[in-house]
Amino acid sequence: MERAMAILVVAVLILLCGSQVRSDASSHRYKAGEAVPLYANKVGPFHNPSETYRYFDLPFCVPAHLKEKKEALGEVLNGDRLVSAPYKLDFLREKDSEVVCKKKLKKEEVAQFRAAVAKDYYFQMYYDDLPIWGFIGKVDKEGKADPSEYKYFLYKHIQFDIRYNKDRVIEINARTDPHSMVDVTDDKDVDVEFMYTVKWTETDAPFEKRMENTPLNWVSATILMRVLKNDFIKYAHDEESADDQEETGWKYIHGDVFRYPKYKSLFAAALGSGTQLFTLGCILSIQPRSTFHCTGGHLCSYICIAGYTATSFYCQLEGTNWVRNLLLTGCLFCAPLFLTFCFLNTVAIIYSATAALPFGTIVVIVLIWTLVTSPLLVLGGIAGKNSKAEFQAPCRTTKYPREIPALPWYRSTIPQMAMAGFLPFSAIYIELYYIFASVWGHRIYTIYSILFIVFIILLIVTAFITVALTYFQLAAEDHEWWWRSFLCGGSTGLFIYGYCLYYYYARSDMSGSCKLRSSLGIWLASAMASSSCLEL
């Protein structure tokens, strides 16, 4: 047992240390005239950030030496495809109407740009790791009722406004010149001269806060606390009303309370998966800025926790087929995720979207699962089997289960889940709006301190509600509490899932392929949320 645990600890420490190793990054300090890295990333319709394509899928000016940036695994999974941009923004060097290239657009290229402008396409770049967004054109609808009369214009002049503090870049914005456009309404060859302007402005903003220029949502914390206070007042009133009822009902079923649950292998597997995702969520909430650098390492490291927790608990419930339980633990979350990914990645490949993972990346993920994750799962399972932990009930379980009396409809599983899920959700839905605006919008989420507080509040409220409802269930002489408490604790994930659908489909009317693409994010986010809550 000691040897297995030692191997387990060493493996976790190695992977944790390895997960912190980052590729060589710039010091973000530059001298006057020194080149600052600028990468073009992707283009896509503004109202659906999930639908993205490579920047040079549109016939922009291609630099003489096109170079693709070597991306980390997290960047590839995020759909980033970074290549060298056609603009040169050297440090502190201003430019006025610098010509990028002179290009004759063919009919097909004009039609391509027009289709992109009609869908409000935007472009995204990264300058010294700072994101840049801008539109590629506009549609003139003023005074025109018939869509066939619309005029489509392509911007050909971009102005970059850059703010710096001593030798560091602090902020960058891209503005398009509305007086420098080319008409792409008709299918005919068009001569275009793409240009750009660079302006530098000094600022005293510190480098450490350069990603925090997005307006902060401190008011959400105040509203959140008010909602939470009202919920607790209402709950306390309900609890006082319950004091008038018989409080000794649970004593009648003390011999049935610790009877093992049905489908205990599935119960233990779900508990193990929830523990793993809960631990992963805690770590990422503490290290939000290094998410893409630690997700792979932490996911592989903490998969052993799933095996240990599931197998240990399964053996405590006197389970005998621990190998099957271990396989169920490994597939319970990952198998549905993999099948969903295969389907959505195929759709993304058909539409040539940047969300489609390259074959090499898929091979890397499979190898990580085969060579790292699976052995850690087995290692954790072996350690859990040999932990010698025993389930010690404080009282003896009777031979035959006591009959459960008839209960009102509102004490059944579905109403109890609705009650248990709604209260924690009401405490976090305000912050969820800003998170979804970052996932499916163009905002950058930076309020990690508020997010951490909301996460803690979610855990506390979920735990309190689950314990209280379990007590009321036992007081009603209903001893089948294992699965009920599990589902009540995780029902908040169903509300989050529903809010995901409401938020996404309420934003705009998307095409079917785009909705399929975003459903992976909705499913993954809600699954992780529900699994984390289920652990409580």
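See the structure above.
Read on for an overview of the structure. Keep in mind that what you see is a predicted model, and the values were worked out from it rather than measured. (Residues numbered from 1 in each chain as written. Predicted model: local features only at pLDDT ≥ 70, side-chain atom pairs only at ≥ 80, totals over all residues. Heavy atoms only, no water.)

## Quick word on the side chain of Thr470
Here is the rule: Numbered from the N terminus, helices here are DSSP runs of H or I no shorter than four residues, and strands are runs of E no shorter than two. Contact definition: two residues touch when any of their heavy atoms are within 4.5 Å.
With respect to the helices, strands and loops of the structure, Thr470 is situated in helix H11 (residues 448-475). Apart from the residues lying within four places of it in its own chain, the contact partners of Thr470 are Trp481 and Ser485.

## Describing a nonpolar patch on the surface
Basically, it comes down to this: Two distance rules govern patches: like charges are joined within 9 Å, and nonpolar side chains (Val, Leu, Ile, Met, Phe, Trp, Tyr) within 5 Å, applied only to residues with over 30% relative accessible area and no salt bridge. Computed with a 1.4 Å probe, the accessible areas rest on the Shrake-Rupley method; for each residue, only the protein chains presented here act as cover. Take a side-chain nitrogen of Lys or Arg and a carboxyl oxygen of Asp or Glu: if they are within 4 Å of each other, that pair is a salt bridge. When accessible area is computed with a 1.4 Å probe and restricted to protein chains, residues below 20% of their type maximum are described as buried, those above 50% as exposed, and intermediate ones as partly exposed.
Among the surface-exposed residues, Ile286, Phe452, Ile456, Ile460 and Phe464 lie close enough to one another that they form a single nonpolar patch of about 470 Å² accessible area. The biggest single contributor to the nonpolar patch is H11, with four residues. Relative to the helices and strands, Ile286 resides in helix H5 (residues 264-286). Given a relative accessible area of 63%, Ile286 falls into the exposed group.

## A short note on the sheet that holds strand E10 (residues 168-176)
Operational definition: Strands pair, by our definition, only if DSSP identifies at least two bridges between them. To obtain each axis, a line is fitted to C-alpha atoms, and for helices this fit is confined to the stretch in contact; angles are then taken between N-to-C directions over 0 to 180 degrees.
Taken in spatial order, the four strands make up an open sheet running E4-E12-E9-E10, and their pairing is mixed. Edge positions in the sheet fall to strand E4 (95-105) and E10, since each has one partner strand and no second. Strand-to-strand, the axes of this sheet are offset by a mean angle of 20°, without reference to chain direction. Here strand E9 (residues 157-165) pairs with strand E12 (residues 190-202) via eight bridges, running parallel. Counted as the bridge partner of Tyr164 is Glu202 from E12. Those strands touched by helix H3 (residues 107-118) are E4 and E12, and its axis lies near 125° from that of E4.

## Focus: the packing of aromatic side chains
Heads up, the rule is: A pair of aromatic rings is counted whenever rings of Phe, Tyr or Trp (Trp by its six-membered ring) have centres within 6.5 Å, and the orientation is called stacked for planes under 30 degrees apart, edge-to-face for over 60 and tilted otherwise.
With the rule as written, the count across this model stands at 31 aromatic pairs. Consider the rings of Phe91 and Trp200, whose centres lie 5.2 Å apart with planes at 75°: the pair is edge-to-face. One end of the pair, Phe91, is in the loop between strand E3 (83-84) and E4; the other, Trp200, is in strand E12, with 109 residues separating them in the sequence. Pair check on accessibility: Phe91 and Trp200 agree, each one buried.

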